[in-house]
Amino acid sequence: MATSILLTGRSVTVSAFRCTAAPGERPYVEQFESHSVSYVRKGSFGCHHRGRFFELVAGSVLIGHPGDEFMCTHDHVCGDECLSFFLAPELVQEIGGSKDVWQAGAAPPLPELMVIGELAQAAAAGNSDLGLDEIGHVFASRFVASISGKPAKPAAATARDRRRAVETALWIDANSHRAVDLESAAYQAGVSPFHFLRLFATALGVTPHQYLLRSRLRHAAQRLSEDEAPVTDIAYDVGFADLSNFTRTFTRAAGVSPLKFRQASRGMRKIFQERLSRH
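Thresholds, definitions, all that
- Residues numbered from 1 in each chain as written.
- Predicted model: local features only at pLDDT ≥ 70, side-chain atom pairs only at ≥ 80, totals over all residues.
- Heavy atoms only, no water.
- Helix = DSSP H or I, 4+ residues; strand = E, 2+ residues; numbered from the N terminus.
- Expected span 1.5 Å × (residues − 1).
- Buried < 20%, exposed > 50% of the residue type's maximum accessible area, 1.4 Å probe, protein only.
- 1 Å grid on protein atoms, 1.4 Å probe; cavity = no way out; pocket = protein on both sides within 12 Å on 5 of 7 lines; lining within 4 Å.
- Points joined across faces, edges and corners; volume = space filled by probe spheres on them.
- Nonpolar A, V, L, I, M, F, W, Y, C, P; charged D, E, K, R; others polar.

**Student:** Please clarify how helix H4 (residues 132-148) should be interpreted in this entry.
**Tutor:** Each turn of an α-helix holds 3.6 residues, which means side chains three or four residues apart point in the same direction. Under the 1.5 Å per step criterion, the end-to-end length of H4 is 24 Å for 17 residues, consistent within 8% with the ideal 24 Å. Restricting attention to buried positions, one finds in H4 the residues Leu132, Asp133, Glu134, Ile135, Gly136, His137, Phe139, Ala140, Ser141, Phe143, Val144 and Ala145. One or two residues past the end of H4 sits Gly149, with phi positive at roughly 75°.

Now the structure itself:
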C-alpha cells in the first residue's frame with residue numbers, strides 16, 4: 001500500500017492510497033482510527049465490515065468509524081486507488097449524522113458524491129482553485145445527507161456573518177502571501193471551520209481558498225505591471241509554492257503567460273487582441 005499525505009489540518013487530513021495487492025492475496029484485519037470517507041478513484045476491492053460484505057468499485061465510498069474493524073479483499077481486480085478524508089471529532093459533530101450512518105460501511109456510486117470526489121481529485125492534482133480541506137467538508141456533509149436522506153439546509157448569512165466574512169476576506173487579502181488555510185481563516189473569524197466555510201461562501205460567493213488564490217493572482221498582476229522583478233520572485237512573493245503552479249494558474253486566469261501579461265501591461269496590447277480574436 002503506497003500512501004501519500006496530501007494535506008494535514010486540524011479538522012481534515014487528506015491522503016491518497018494506492019493498493020497493489022494481487023487477487024487472492026491473504027487479507028488481514030484493520031481498524032479505523034477516526035471517522036473517514038474514502039472515495040474509490042480506480043479499481044475495485046471487497047470489504048468485510050460489521051458482519052456485512054461490500055464490493056466497492058470506482059465511485060464507491062468506504063466509510064470509517066473509529067474503533068470499527070474491517071478487512072479488505074482483492075479477488076477480482078489487481079490494484080485500486082482511493083482519496084481519503086479523515087475527519088476530526090469536532091467536524092463530525094457539526095456535520096451530524098447518526099451512528100448508523102457513520103457505521104454504514106460503504107456507499108454505492110452515487111452521482112452527488114462522485115462529482116465531488118472527482119472535484120477533490122482535480123484539487124489534489126492542482127487543477128482546481130478549491131482547497132482540499134474545503135472539499136473534505138463538502139464531501140463529508142454531502143455523504144451524510146445522501147445516506148440519511150436529509151438534505152443539508154441552505155446556509156443563511158446573518159448581518160453578523162456577513163461582517164465576519166468581509167473582515168476575514170480583508171485579512172486573507174492582506175496575508176495572502178503567507179500560508180493561509182481554512183482553520184486559520186476560521187480562527188480569525190471566531191467560528192468553526194465548518195461554519196466559516198458555509199458563511200463565507202454564502203456571503204461572498206467564493207470559498208476562502210478561492211478568494212486566497214485570486215488575491216494572490218491580483219497581487220501578482222499588480223507586480224507584473226508595476227515593477228521589473230523576475231517572474232519567479234513575484235510568484236514566491238505573492239504566495240505560490242512553485243513557479244510552474246503559478247504560471248499555469250495565472251495563464252488559465254489571464255489567458256496569457258505572466259511574461260506576456262507584463263508585456264501587454266507596458267503597451268503591447270496586440271498580445272491581448274490576438275488572444276481575443278481566437279475566441
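**Student:** What should I look at first to understand empty space enclosed by the protein in this one?
**Tutor:** Using a probe with the size of a water molecule, rolled over the atoms, empty space left in the structure can be pinpointed. One pass over the full model with this rule turns up 2 cavities of 30 Å³ or more. Roughly 60 Å³ of internal volume is contained in the largest cavity. Around the largest cavity, the lining residues are Asp133, Glu134, Ile172, Val180, Asp181, Leu182, Ala185, Pro208, His209 and Leu212. Every element with two or more residues in the lining of the largest cavity is listed here: H4, helix H6 (182-189) and helix H8 (208-226). The greatest single-element share of the lining of the largest cavity, amounting to 3 residues, is contributed by H8. Looking at the lining of the largest cavity, its residues break down into 6 nonpolar, 1 polar and 3 charged.

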